[in-house]
Amino acid sequence: MELGNLTGFSEFLLLGLSEEPELQPLIFGLFLSMYLITVFGNLLMILAVSSDSHLHTPMYFFLSNLSLVDICLTSTTIPKMLWNIQTQSKVITYKGCITQMYFFVLFGGLDNFLLTVMAYDRFVAICHPLHYMVIMNPRLCGLLLLVSWITSALHSLLESSMVLRLSFYSDLEIPHFFCELNQMVQLAYSNTFLNNMVMYFGAVFLGGGPFVCILYSYSKIVASIWGIPSAQGKYKAFSACASHLLVVSLFYGTILGVYFSSAVTQSSHSSAAASVMYTVVTPMLNPFIYSLRNKDLKRALKRLLGMAVMKAPIILGLKKCT
């Protein structure tokens, strides 16, 4: 490969999860199914929360925003992957790669911050139940969401700007199914010391910081639940945060698993396969985790689906009349 100046016409090659031609139809079908389940599942969550006035509370407000972010996160990477498989092309432009990287870091960071905010919401609900609506007022909820968006956008802009200063080989082959930040930095031939420092800073303060806040919130929650005298009261309090705790465990567990597996195997393709867990599987499972354990949400979903079933014959009847 020769060195080349990166212009708007420069192209990279996304090698994907496998280069075996016979596996491409299987990968296409599997990821298309997971993507559709993720989009429709999270979209149903948003519609259920917005259509039921009983769910217009801080917890469901943050949950619907988490569903929106999960849709955007998967839409950043999977459609391009499916398009490349369908067209039998591995090409992504330099501008497209930087854009994909920016939005992936943005929505990944938002996922992290929203889970932290939801942990604080559960902390207030269990440890300060009498003051819950006073503390978690609409103004604070909106402010927490705005700060999450601004912080994630600035961090993503910083990381993407740092990549723009790097130089790459022309026709660079990326052993991943999307333009992942760490992969891009590793593949640059110019000095990446400053990029690594910025990534470590982001990982420690914008990744580890929220995780520590979640652990602190749940330490207070566990202490509060432990002090409840009745077993029924303990079960009710634990049920209020069980779904969120499971989602947090899945989110951070898969991310840690990806980095540990890549450190042990030193294989880019195995790292790409492992990253499927937090980029695709976790957003797909989140609606099921919340809906299966929440009676209010299940009731809202049944009402929403019931309304859709009732409207379908009416629409079909109107079409026949016309």
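Residues numbered from 1 in each chain as written. Predicted model: local features only at pLDDT ≥ 70, side-chain atom pairs only at ≥ 80, totals over all residues. Heavy atoms only, no water.

### Section: the pattern of salt bridges
Now for step 1: Counted under the stated rule, the structure contains two salt bridges.
Now for step 2: For arginine 122, the salt bridge is made with aspartate 121, and the minimal N-O distance between the two is 2.8 Å.
Now for step 3: Here arginine 122 falls in the buried class, since its relative accessible area comes to 8%. (Salt bridge = Lys/Arg side-chain N within 4 Å of Asp/Glu carboxyl O. Buried < 20%, exposed > 50% of the residue type's maximum accessible area, 1.4 Å probe, protein only.)

### As for the packing of aromatic side chains
Now for step 1: Following the criterion strictly, the structure yields 14 aromatic pairs and no others.
Now for step 2: Aromatic side chains tyrosine 102 and phenylalanine 103 sit 5.2 Å apart centroid to centroid with 85° between the ring planes, which places their arrangement in the edge-to-face category.
Now for step 3: According to the relative accessible area criterion, phenylalanine 103 is partly exposed, its value standing at 34%.
Now for step 4: Here tyrosine 120 and phenylalanine 123 contribute two aromatic rings whose centre-to-centre distance is 6.1 Å and whose plane-to-plane angle is 35°, an arrangement assigned as tilted. In this pair, tyrosine 120 and phenylalanine 123 both sit in helix H3 (residues 94–127), three residues apart, roughly one turn of the helix.
Now for step 5: When its relative accessible area of 32% is taken as the criterion, tyrosine 120 is described as partly exposed.
Now for step 6: Here phenylalanine 123 falls in the buried class, since its relative accessible area comes to 17%.
Now for step 7: Ring-pair connections join several aromatic residues into one group, and the members of that group are Phe31, Phe104, Phe177, Phe178 and Tyr278. (Phe/Tyr/Trp six-rings, centres within 6.5 Å; stacked < 30°, edge-to-face > 60°. Helix = DSSP H or I, 4+ residues; strand = E, 2+ residues; numbered from the N terminus.)

### Focus on H3
Now for step 1: With 34 residues, H3 should cover 50 Å at 1.5 Å per step; its first-to-last C-alpha distance of 49 Å lies within 8% of that length.
Now for step 2: Most of H3 is tucked away, with 25 of its 34 residues classed as buried. (Expected span 1.5 Å × (residues − 1).)

### A word on the UniProt feature "transmembrane region" (unreviewed entry) in the protein
Now for step 1: In this structure's numbering, the residues bearing the UniProt feature "transmembrane region" (unreviewed entry) are residues 26–47, 59–78, 98–120, 140–158, 197–216, 237–260 and 272–292.
Now for step 2: Between the C-alpha atoms that bound residues 59–78 the distance is 29 Å, and the span itself is 100% helix and 0% strand. (UniProt positions renumbered as here; feature names shortened; annotations may be inferred.)

### Describing the side chain of serine 152
Now for step 1: Assignment of secondary structure puts serine 152 in helix H5 (residues 138–164).
Now for step 2: Setting aside anything within four residues of it in sequence, one finds serine 152 in contact with Leu106, Gly109, Leu110 and Phe113. (Contact = heavy atoms within 4.5 Å.)

### Notes on the nonpolar core
Side chains of a nonpolar character, in soluble globular proteins, are inclined to be buried together.
Now for step 1: In this structure, Phe31, Leu63, Tyr290 and Leu297 are the most contacted members of the largest nonpolar core, which totals 61 residues.
Now for step 2: Residue contacts for leucine 297: discarding those within four places in its chain leaves Met45, Ala48, Val49, Leu55, Tyr60, Leu63, Tyr290 and Ser291.
Now for step 3: Among the nonpolar cores identified, the runner-up in size contains 19 residues, and Phe12, Val105, Ala188 and Met199 belong to it. (Core = buried A, V, L, I, M, F, W, Y, C linked by side-chain atoms within 4.5 Å.)

### Considering the layout of surface pockets
Now for step 1: Considered as a void within the structure, the second largest pocket measures approximately 570 Å³ in volume.
Now for step 2: Contributing to the lining of the second largest pocket are 19 residues, with Lys236, Ser239, Ala240, Arg293 and Asn294 lying nearest its centre.
Now for step 3: Every element with two or more residues in the lining of the second largest pocket is listed here: helix H2 (58–87), H3, helix H8 (231–265), helix H9 (268–292) and helix H10 (295–321).
Now for step 4: In terms of residue count, H8 provides more of the lining of the second largest pocket than any other element does, six residues in total.
Now for step 5: Of the residues in the lining of the second largest pocket, the class split is eight nonpolar, four polar and seven charged. (1 Å grid on protein atoms, 1.4 Å probe; cavity = no way out; pocket = protein on both sides within 12 Å on 5 of 7 lines; lining within 4 Å. Points joined across faces, edges and corners; volume = space filled by probe spheres on them. Nonpolar A, V, L, I, M, F, W, Y, C, P; charged D, E, K, R; others polar.)

### A closer look at the packing of helix H1 (residues 24–51) against H2
Now for step 1: Interaxial distance between H1 and H2 falls to 9 Å at its minimum, and their mutual angle equals 160°. Judged on the interaxial angle alone, H2 and H1 are roughly antiparallel. The handedness of the crossing between H1 and H2 comes out as left-handed.
Now for step 2: Among the residues forming the contact of H1 with H2, the class breakdown is 19 nonpolar, eight polar and one charged. (Axes fitted to C-alpha atoms, helices over the stretch in contact; angles between N-to-C directions. Parallel < 35°, antiparallel > 145°, perpendicular 65-115°, else oblique. Left-handed = near helix turned anticlockwise from the far one by under 90°.)

### Brief notes about the sheet that holds strand S3 (residues 173–174)
Now for step 1: Strand order in the open sheet formed by three strands is S2-S1-S3, and the pairing between neighbours is mixed. With partners counted over all chains shown, the strands left at the sheet margins are strand S2 (91–93) and S3, one partner each.
Now for step 2: Across two bridges, strand S1 (residues 11–14) lies against S3 in parallel orientation. In the sheet register, leucine 13 faces S3, and the bridge partner there is glutamate 173.
Now for step 3: Against the sheet, H3 touches S1, S2 and S3, its axis set at about 80° to S2. (Pairing = 2+ DSSP bridges.)

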